[in-house]
Amino acid sequence: MLKRPLATRAAVWVLVVIVAAVALAPWFGLRDPAEPNLGMRFSSPSPAFWLGTDHLGRDTLSRLLDGGRFSLSIAAVATVLTGLVGTAIGVLSARRGGWVDEFFTRTNDVLLALPEMVIALFIVAAAGPGTHSLLLALTVTGWTPFARLARTLTYEISGQGFLKAARVVGCSPQFIIFRHILPHLSGPLIGQATLRFGQLLISVGALSYLGLGVQPPQSDWGAMLAAAQPHAERAPLAILVPGLAIFIVALCVTLIGQRITELAGNRAITAPRTKEAHA
Amino acid sequence: MFFKRRSAAAVALVSLLALTGCGLNGGATTSALTPDLNQRIVVDNFRAPVANWALESDAAYILSLSGCLETLTKFDQAQGKVTSSLATDWKQTSPLTWDFTIRDGVKFQDGTILTADAVAASLQSVLAAKVPARAFNPDVVSDVAAVDARTVRITTPSDSPLIPYRLASVNTGILAPAAYKDGTIDPFGHCTGPFTPVSEKPKQSLTLDRNENYWGGKVQLAGAEVRFITNGATRATQVQTGESDISLSIPVASLSTLEGDNNVSVLKADSPRTATLYMNNGKAPFDKVEFRKAIRSALDLESLANSIYEGAALPAVGPFAASEPWASPETAAPKQNLNEAKKLLSAAGYTATQPLKIVAIVERAEFGDVAAVIQQDLAKIGVPITIETKEYASVEPDLLAGNYDMVLSQRNRLIDIADPIGFLTADYTCKGSYNLSHFCDADYDKLIEQAAKTTDAKERYKLYANAGRILQDQAVNVWLVNEQAIDAVRTDVQNHVQDPLSRYVLTAKTSKSGS
Amino acid sequence: MIAFLAKRTVALVATVLLASFAVFLIPYATPGDPARKIIRSRVAGDAIDESAISSLTTELGLHDPLFVQFHRWLGRFLSGDMGLSYSSQTPVVEQVLPALGITLTLVVAALGVAVLVSLILGITSGLHEGRRTDRVITTVTQALIAIPEYWLAPMLVLIFAVKLTLLPSAGWVSGASLVLPVAVLAARPSSYFTSAVRSGMIEALDAEHVTAARSRGLSYPRTIMRHVIPNGLLPLATLLAVWFAGLLGGSVIVEVIFSIPGMGRLLYDAVLNNDIPVAQGSVVLVVALAVAITTMADLVHRTLNPLLGDNRA
């Protein structure tokens, strides 16, 4: 198999640096990311503004770090939520089978066919814009890869001798799930979660790009990109920087996720029945 | 007459600008003055026809700007008055009737002749629409009839000096009888204008060919394509790349890029649109005039106009733009004064508890930024604000029900006719149907009632000015900036005259030089 | 096999019915009056007469209970009538079919490009497993997954349309209009496909019959062509079907950025404007097609792997 521990190690370090910078940003004594300074629009990078300013004269560096805190934390929470929901559904489908399994498989087909952004639009319209709707939208559209993986793996394990033995000696279904199935799933699921984090980060950006995500003056990387786009020629950094940030983080977690997956010895997840972050 | 002081700003002859542009493409400047009769041009419009060409809907604007649909009268922005179009003459024959004389020798594009009967039938179908047009509906017009071969009589329920203005509205466009079948409208080949629509790609484009028999003279273009591009940044990019020749309604954010492009002329005109911070006068703390004044004093309108609006907007002096004939001449835009604002706040007895919410309408890309700036300004006087961006249609019921704090929206005062009476009545009288501010003042209502009956334009404008002063004195809303209509045109397009309301774009005179 | 198909057909009908009923809930779940939103989509910016709203509500039967409305729609739909769009009053079919045609063109082109790219890169990579070529290809394709399309698209427009003026910036006019959107849409599937082809190749290379063929004296290139590549492509077939089904609904972001009137935009605008007949028509069509395609893929999968039980549905 692929052996690229060096690249993976580099990816881990880059990720650690970015996460640390974003997390510790409030203690760096940076400018208020939300404060417009209409006299300082489109400033070039300078000692005062390391990455220049945007179209309202706001400091691009503070906005990048502040927006990153939002993008990364939403993507992280969404990863956990979709992981929990998806795994629960997947294990349930595999253990129960029958109409439960059929129901979730068809739901998966419907979600596969409908654009993520249309479902998100509906949820945001119904629940109002904000963090809660954003998370709800990401969870509703994002649980399927976990469910498919958990379902396949549960089937594989269920066929093995020790589970049959456990049932024969009278272990409760809950005991079997928590004691035997979930521990076996954890490796591949963590690999999957790492890969999904990158895709969810891109999805968070996409929702904000379409105006369904964060509300001003709060910003995230997708919203920064959308706001900077018309001014690309006057303030190129403002559009380059948030795009690069999403790209680098997504690339790092993809490299790490692939490595975890390889170590967990499961190749099935390179081909999940889902269409990732395609809006 | 109307808009006297606007004439210079509203007209822009691109052919002149082309001479001054020393473009990167050397060829463009030398041939700029010879129109090529074989040219076709592309116009990027900002909306797509949603309603299958129903004339009472906004689809009428697209037919009009495409040079297909024509009306009995036209409102000439440059001269500031109603001019002839399909009607050559009109007069009020009695307090309740107006007679319009139909132009001779006009043929519809299908070859049938424009008669008084055809005009009356056309107008009657607009009156009968399920959701009638604002300019021309049963409340303001009771009957349309042909009295002889060349005369159409319009009957009104009350004395109505504004009928010629109403018949300039694109919703009153005239189509051939064959256009109206089975309750649907088919404009193809049924207009009178310089361009005949030949094909349509739904939600994408409308293709038109020259009308060889146009009554208004030889059409200078072989044809045109009107594309429906809802994204403003894309319209700006397309005129820059030459994919479109004329791009309508350019967002302010793209302005500086286009102004730096030698192949593109940016046209700006005063528009009757004002970006407004609406306040819910019926709800605390906005029920106190001191509080509303404090909000107004805290904002810096001039820097808003210069930054987010890139200088393509003027700080608003009140509900009207300073250039309008009914604006009171002495008013100036309110200046930011934080100390004054704080004093007013304490006079209003305000203490910051719950943050107030500003809803920014997403249809205007810049409102999110405007809200962010307002939020910072208000933070300086200790008024905490949260911002929410929403589709207009989804908040409208809340606005009408008085279930909001502040909303950033944009209002066109002269949406159908060149007189603000409809706007002043609907938006600010106690019983107004569109009174988002929930403002109610007996003196104001009296003034408007009186104005509606005043035939003399000058007298009427004075009453409007007084009404406007009441609104500004009461700080009903904060009128932020008067927006400008911005279009961008390739420099090889000639004889294009900008219309701030985008009703007239493709005309018989529009031409393009050979390449 | 027949039992399987019958079961799937029942599931398909149930799925489509449920999905189309869910669409009916849109106006009730979202704030704002449906009739008002419909009028708003026709005319902008002024007071709307209350009587116009109530008469439209009555005309469209929006006062009726949900099930009555649904029943009415279903009856018409079964007789082949998708109804009229609320906002444009034109037949839904006339809006849905052109949009589907555009989206299909886009998807077929994008997936075609992705398959081509993944065949070249995946086979090369698989044959050079662990070597430098493999590593470079793997890294590049992984980078493709990480690029947000809302960043890639404006960048490509800036370079190829604005600066070089080689390609159109937006619209759906000529063949050239396809290039940039297809490039953006193909990036992510190219990456997944390449990785699938690569794994398939590696697995096929290790298979017993390959070793056997070689020991029978079949030359290396012939072995690769006859035994390795055909088997290596199996995972691609399934993946392709899934992506095809997944992209039928269009890509809202790509369609917005490039002003393409495909299914994504149609659905998005329909939900935004509460144009329920259009939303329903599109959802039914897209979901039915997607389910049909995944069923077909499963069928192929079962034919090729007869040992597989029903649990692989």
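Residues numbered from 1 in each chain as written. Chains lettered and ligands numbered in written order. Predicted model: local features only at pLDDT ≥ 70, side-chain atom pairs only at ≥ 80, totals over all residues. Heavy atoms only, no water.

Asker: Before we go on, may I ask you to explain the overall build of chain C in this structure?
Answerer: What chain C contains, in helices and strands, is 15 helices and zero strands. For chain C, the C-alpha atoms occupy an extent of roughly 85 × 60 × 30 Å along the three principal directions. Counting only residues that meet the buried cut, chain C has 55% of its 313 residues in that class. Of all intrachain contacts in chain C linking residues separated by at least 6 positions in sequence, the fraction that spans at least 24 positions is 71%. Put simply, chain C shows about 12800 Å² of open surface, and 69% of that area lies on carbon and sulfur atoms. When the 21 basic and 19 acidic side-chain charges of chain C are each reduced to a single mean position, those positions are 13 Å apart. (Helix = DSSP H or I, 4+ residues; strand = E, 2+ residues; numbered from the N terminus. Buried < 20%, exposed > 50% of the residue type's maximum accessible area, 1.4 Å probe, protein only. Contact = heavy atoms within 4.5 Å. Areas by Shrake-Rupley, 256 points an atom, 1.4 Å probe, with all protein chains shown as cover. Lys, Arg positive; Asp, Glu negative; His and termini not counted. Charge placed at Lys NZ, Arg CZ, Asp CG, Glu CD.)

Asker: What is the right way to look at the confidence of the model for chain A in this model?
Answerer: The predicted coordinates of low-pLDDT regions are not to be read in fine detail. Counting all residues, the mean pLDDT for chain A is 84, and 93% of those residues have values of 70 or more. Highest mean pLDDT in chain A belongs to helix H2 (residues 60–96) of chain A (93); lowest belongs to helix H7 (residues 161–168) of chain A (73). (pLDDT = per-residue confidence, 0-100.)

Asker: When you look at the packing of helix H14 (residues 263–272) of chain C against helix H15 (residues 276–304) of chain C in this model, what are you seeing that I'm missing?
Answerer: Geometrically, a packed helix pair is captured by the angle between its two axes and the distance between the axes. Residues and elements named next belong to chain C. Running from N to C, H14 and H15 cross one another at 140°; their axes reach a closest spacing of 8 Å. Of the possible angle classes, the one that applies to H14 and H15 is oblique. Crossing handedness for the pair H14 and H15: left-handed. Where H14 abuts H15, its residues Met263, Leu266, Leu267 and Ala270 lie against Val278, Ala279, Ser282, Val283 and Val286. In the contact of H14 with H15, the residues fall into eight nonpolar, one polar and no charged. (Axes fitted to C-alpha atoms, helices over the stretch in contact; angles between N-to-C directions. Parallel < 35°, antiparallel > 145°, perpendicular 65-115°, else oblique. Left-handed = near helix turned anticlockwise from the far one by under 90°. Nonpolar A, V, L, I, M, F, W, Y, C, P; charged D, E, K, R; others polar.)

Asker: Hey, could you run me through the nonpolar core in this one?
Answerer: Burial of nonpolar side chains together is a common tendency in soluble globular proteins. Trp221 of chain A together with Tyr150, Phe193, Phe258 and Val287 of chain C are the most contacted members of the largest nonpolar core, which totals 159 residues. Once you skip the residues sitting within four places of it in the chain, Val287 of chain C turns out to touch Val110, Ala113 and Leu114 of chain A together with Thr15, Val16 and Ala19 of chain C. Formed by 152 residues, the second largest nonpolar core is a distinct cluster that contains Ala116, Leu127, Leu356 and Ile421 of chain B. (Core = buried A, V, L, I, M, F, W, Y, C linked by side-chain atoms within 4.5 Å.)

Asker: Would you explain the packing of helix H8 (residues 173–209) of chain A against helix H8 (residues 149–163) of chain C in this entry?
Answerer: Across the interface, H8 of chain A lies against H8 of chain C with an axial gap of 9 Å and an inter-helix angle of 60°. Across the interface between the two elements, Leu201, Ile202, Gly205, Ala206 and Tyr209 of chain A from H8 of chain A touch Glu149, Tyr150 and Pro154 of chain C from H8 of chain C. Considering only residue class, the contact of H8 of chain A with H8 of chain C consists of six nonpolar, one polar and one charged.

Asker: Even after reading the chapter, I still don't get the packing of aromatic side chains, so can you show me in this structure?
Answerer: What characterises a pair of aromatic rings is the spacing of the ring centres plus the angle enclosed by the ring planes. Across all of its chains, the model carries 22 aromatic pairs over all chains by this definition. Where Phe103 of chain A meets Phe104 of chain A, the ring centres are 5.3 Å apart and the plane angle is 70°; that geometry is what we call edge-to-face. In this structure Phe103 of chain A comes out as partly exposed when scored by relative accessible area, which is 43%. Note on Phe104 of chain A: relative accessible area 19%, which makes it buried. Residues Trp326 of chain B and Tyr461 of chain B carry aromatic rings whose centres are separated by 5.2 Å and whose planes lie at 70° to one another, so their mutual orientation is edge-to-face. (Phe/Tyr/Trp six-rings, centres within 6.5 Å; stacked < 30°, edge-to-face > 60°.)

Asker: I tried to follow the interface of chain A and chain C on my own but got confused; where do I start?
Answerer: Where interface size is given, it is often the accessible area lost as the parts come together that is meant. The interface is formed by 55 residues belonging to chain A together with 63 residues belonging to chain C. Of the roughly 5100 Å² buried where chain A meets chain C, counting both sides, 68% is carbon and sulfur surface. Our enumeration of links across chain A and chain C arrives at one salt bridge. With its nearest N and O atoms 4.0 Å apart, the salt bridge here joins Lys7 of chain C to Glu102 of chain A. Our enumeration of links across chain A and chain C arrives at four residue pairs in polar contact (both at pLDDT 80 or more). At the level of elements, helix H3 (98–113), helix H4 (116–127), helix H6 (144–158), H8, helix H9 (221–228) and helix H10 (236–263) of chain A are the ones that each hand at least two residues to the side of chain A that touches chain C. A per-element tally of the side of chain A that touches chain C places H10 of chain A first, with 11 residues. (Buried area = accessible area lost by both parts, 1.4 Å probe. Salt bridge = Lys/Arg side-chain N within 4 Å of Asp/Glu carboxyl O. Polar contact = N/O pair within 3.5 Å; in protein donor to acceptor, adjacent residues only side chain to side chain.)

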